[in-house]
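Residue-level structure breakdown
Residue-level listing of the chains:
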Amino acid sequence: MKVTRIAYSTGLNAGKFAALREQARRLGRVRSEAWQRYGATFGVGSGLTDRKVRDQWLADGTHVRFGVLANPWKETLRDAMADIAANLAAAKVEVRRAIHRRTEDPVERKRMLHALKADRWADDPFVSRQMRKHWKRGRNHTHDQIVVRADAYNAVDDGRGRLWLAVPGLQRRQMVRIPLSTTVAPTGTLRLILRGGRVEVHYQIDAAHLPSSRRPCGDRTIGVDKGYTEALTDSDGDRHGCGLGKLLTTESDRVKERNRRRAKLRSVANNAALRGDHAKARRIMVNNLGTIKRDRQAARHRARVRTEVFAAVHRVVDKAVAVVAEDLTKSFAGRRVLGKNIIRRLAGWTKGVTAEALKNVSERRGSVLVHVNAAYTSQTCHRCAGFGRRSGDRFHCTRCRVVWQADVNAAINILQRAGDPDIALHTSHHVVRQILRDRTDRHRTRLPVQDSSPAVAERRANNPNRSTMSHQ
Ligand SMILES: [Zn+2]
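Structural notes, computed from the coordinates. What you are looking at is a predicted structure, and each value in this text was computed from that prediction instead of being measured.

Calculation rules
Residues numbered from 1 in each chain as written. Predicted model: local features only at pLDDT ≥ 70, side-chain atom pairs only at ≥ 80, totals over all residues. Heavy atoms only, no water. Donors = N, O, S within 2.8 Å, 3.2 Å for Na, K, Ca; no water. Tetrahedral: all angles 85-135°; square planar, octahedral: opposite > 155°, others 65-115°. Buried < 20%, exposed > 50% of the residue type's maximum accessible area, 1.4 Å probe, protein only. Pairing = 2+ DSSP bridges. Helix = DSSP H or I, 4+ residues; strand = E, 2+ residues; numbered from the N terminus. Axes fitted to C-alpha atoms, helices over the stretch in contact; angles between N-to-C directions. Contact = heavy atoms within 4.5 Å. Polar contact = N/O pair within 3.5 Å; in protein donor to acceptor, adjacent residues only side chain to side chain. Phe/Tyr/Trp six-rings, centres within 6.5 Å; stacked < 30°, edge-to-face > 60°. Parallel < 35°, antiparallel > 145°, perpendicular 65-115°, else oblique. Left-handed = near helix turned anticlockwise from the far one by under 90°. Nonpolar A, V, L, I, M, F, W, Y, C, P; charged D, E, K, R; others polar. Salt bridge = Lys/Arg side-chain N within 4 Å of Asp/Glu carboxyl O.

1. So, the coordination of the zinc ion
Within the protein, the zinc ion binds to Cys381 (SG), Cys384 (SG), Cys397 (SG) and Cys400 (SG); these donor distances fall in the range 2.3 Å. What the 4 donor atoms of the zinc ion show is an angle range of 98 to 117 degrees at the metal, which sorts the shape as tetrahedral. All donors of the zinc ion belong to a single chain; written as a sequence motif, their spacing is C-x2-C-x12-C-x2-C. Residue Cys384 is classed as buried on the basis of its relative accessible area of 8%.

2. Overview of the sheet that holds strand E6 (residues 190–195)
Spatial ordering of the open sheet is given by E1-E7-E6-E2, a layout of 4 strands whose pairing is antiparallel. Each edge of the open sheet carries a strand with a single partner, namely strand E1 (2–8) and strand E2 (145–148). Strand-to-strand twist across the sheet, computed as the mean angle between neighbouring axes with direction ignored, equals 25 degrees. Relative to strand E7 (residues 198–206), E1 runs antiparallel, the two sharing 7 bridges. Looking at the pairing, Val3 lines up with Ile205 of E7. Sitting on the sheet, helix H1 (residues 14–38) touches E2, E6 and E7, and the angle it makes with E2 is about 85 degrees.

3. Brief notes about the pairing of strand E13 (residues 388–391)
Across a regular strand the side chains alternate sides, sitting on one face of the sheet and then on the other. Here 4 bridges tie E13 to strand E14 (residues 394–397), and the two strands are oriented antiparallel to one another. Its bridge partner being in E14, Ser391 is matched across the sheet by Arg394.

4. Some thoughts on the side chain of Arg439
When you line up the elements, Arg439 lands in helix H11 (residues 429–444). Arg439 gets classed as buried once you look at its relative accessible area, which sits at 16%. In terms of polar contacts, Arg439 uses its side chain to reach the side chain of Asp420, at 2.8 Å. A distance of 2.9 Å separates polar atoms of two side chains, one belonging to Arg439 and the other to Asp422. Look past the residues within four positions of Arg439 in its chain and what remains in contact with it is Asp420, Pro421, Asp422 and Ile423.

5. Digging into the pairing of strand E8 (residues 220–226)
Buried residues dominate E8, accounting for 5 of its 7 residues. Inspection of the sheet shows E8 paired to strand E11 (residues 320–326) by 4 bridges, in the parallel sense. In the strand pairing of E11, Arg220 is matched with Ala320. The sheet contact formed by E8 and strand E9 (residues 232–234) spans 3 bridges and is antiparallel. By the bridge assignment for E9, Asp225 is matched with Thr233. Hairpin connection between E8 and E9: a loop of 5 residues separates the two successive antiparallel strands.

6. Topic: the packing of aromatic side chains
Both the distance between ring centres and the angle between the ring planes are used here to describe each pair of aromatic rings. Scanning the entire structure with this criterion turns up 3 aromatic pairs. Ring geometry for Trp57 and Phe66: centres 5.6 Å apart, planes at 45 degrees, overall tilted. Here Tyr376 and Phe387 contribute two aromatic rings whose centre-to-centre distance is 5.7 Å and whose plane-to-plane angle is 75 degrees, an arrangement assigned as edge-to-face. Here Tyr376 is found in the loop between strand E12 (368–372) and E13, whereas its partner Phe387 is found in the loop between E12 and E13, with 11 residues between them in sequence. As far as the burial class goes, Tyr376 and Phe387 line up, both buried.

7. Points about the packing of helix H6 (residues 244–275) against helix H9 (residues 342–365)
Packing of H6 against H9 brings their axes to within 9 Å, and their N-to-C directions diverge by 135 degrees. Here H6 is positioned oblique relative to H9, judged by the angle of their axes. Our pair here, H6 against H9, has a crossing hand that is right-handed. Residue-level contacts link Leu244, Leu248, Thr249, Glu251, Ser252, Val255, Lys256 and Asn259 of H6 to Ile342, Ile343, Leu346, Ala347 and Thr350 of H9. Looking at side-chain class alone, the contact of H6 with H9 contains 7 nonpolar, 4 polar and 2 charged residues.

8. What about the packing of H1 against helix H2 (residues 50–60)?
Following both chains from N to C, one finds H1 and H2 inclined at 105 degrees, their axes separated by 13 Å at the closest point. One element, H1, and the other, H2, form an angle in the roughly perpendicular class. Each of Val30, Glu33, Ala34, Arg37 and Tyr38 in H1 lies in contact with H2, whose residues at this interface are Val53, Gln56, Trp57 and Asp60. In terms of residue class, the contact of H1 with H2 is built from 5 nonpolar, 1 polar and 3 charged.

9. Here's the deal with the pattern of salt bridges
Under the counting rule described, the total for this entry stands at 34 salt bridges. The closest approach of N and O atoms between Asp60 and Arg37, which form a salt bridge, is 4.0 Å. Taken together, the residues Asp60 in helix H2 and Arg37 in helix H1 connect sequence positions 23 residues apart. Put simply, Glu230 and Arg239 hold a salt bridge, and the shortest N to O gap is 3.6 Å.

10. Details of the environment of Gly161
Tracing the chain through its elements places Gly161 in the loop between strand E3 (154–157) and strand E4 (163–168). Judged by relative accessible area, which is 44%, Gly161 ranks as partly exposed. Residues Gly161 and Arg139, 22 residues apart in the sequence, show an inter-C-alpha distance of 41 Å. Those residues within four positions of Gly161 in sequence are excluded, and the remaining contacts are Leu180, Thr182 and Thr183.

Rendered as C-alpha cells:
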C-alpha cells in the first residue's frame, strides 16, 4: 500500500519555471493525443497496453511532433493510458451497481457482469445502454505535469537545508535543477505539478514504513456514521475528528468573504476598463485577482481536513478489527453538481476523504472494512426499528418514544446492518423501506422483540448466521 508525499520548490527562478512549464505543455499534447485516439475505444480494457501504443507511435512517427525527449513522452503516455483505464474502470463500477439493481436473478446477473468484465457489453442492450450513460468520452485536461522515472533524476543535499532535484529538460544532457524546501529525498517515480510559479513534487512511499502502519488494530466490531461537525461517530457513542465542523465552517466563511471581495474588485476593474483605464484594470487583475495565494490557501485547508479525518479513522481502528460503514464512494462520483453552496461542496469533498481514509487505514493496520447498505439508518430507531424524526442532533422515535443522539443511533443501525439477514449491500431503497415496515408490523402483532442493544448488534455482526437463526 502506497501513500503520496509532496515536496515543494522554494525560490525557483522564473526562467527554470518557464522551461518546465513549456515541457509540461508539450507533454500535455502527448496526453491529448492518447485520449483522442484511445479514450473511447474498447481496446484499453482488453489489453491495449501503453507499450503497444508506444511501438506504434515510434513506427508511424507520431512521437516526432511532440518536441520532447524520448523518456518523458513515453512516461507520459504510460500515465495517460493508466488514466484512460481508470476512467473506464470507474464507469464499470457504476454499471455493476446498476446491474445489481436491475435483477435479483443470479444467472442473469452473472451473465451481465461477465459481459461487462470482458468488454463485451455491446452484446447486451441493458449493459451497453448503461455503459453509454456512465462512460463519458474523456478528454485530457492535464497540461501542467511532468512524470519523471526513478532512474531519470537525482537529488543532492546542499548541506544548508535544501535539496536540489535535477530533472531532464527539453534538451539532451541538460538537467533542470530545482531547489526543494526539504532535505528528504523523493523516491520512485515523480510527478511534477507546475502550479502558481511553484513546482510540487509528488511521489509515493510504502505505507509500511509509516509509524502509524505499525499501530495494531483493536479486536471489536464497530459501526460508524459520518457527520459534519465531527468526522465520525461510532456505535459506542464516541465521536472522532471533532475539529472537522469548525474547519469546514471557517473555510466556508473565509471563501465567501474572499469571493465577495473579489467580485467587488472585479467590478472596479471592469468599470475602469469601460472608462478606458486599461492600465488600472490590468493592475487589479494582476495584483488583486491572482490565483496563487487562493490556490495555496485551498491546499492548506485540504491538508488540515485530511489530517483531522485520518486521525479520526485511526482512533476508530484502535479499538476495531472490523469497521462497519456506509459505502461513501457511492453517490460520490464527482459528477453531481453541488452548485454554489460552499459548505456542501466542502462536505462532499470531505466525504471522499473519509472513504479514502477508511480504506487506507484499514488496509495498513490489518482491520477489515465492511460496507453496508445505509438506507434509512438515520431515520429509524435502533431499538424498535420504527421510523422517527430528527430535530437538530436528536432523533425522536415515534414508535417507542425514546430520544437518541441522532448520529449514535445511526452508527448503531449501521453496525446492525452488518448482521442483517434481509438487507444486503445492493438491496434497493424501497425494498429496504418495505422490510423495515414489515418488521415494525411484526412487532405490532407481538412477535418476540429482538434485543437490539449495541453489544448484541456487535455479536450479531460478528456472526450473522447464528444470530439470525436464534432469533427466528
Ligand atoms: Zn423506537
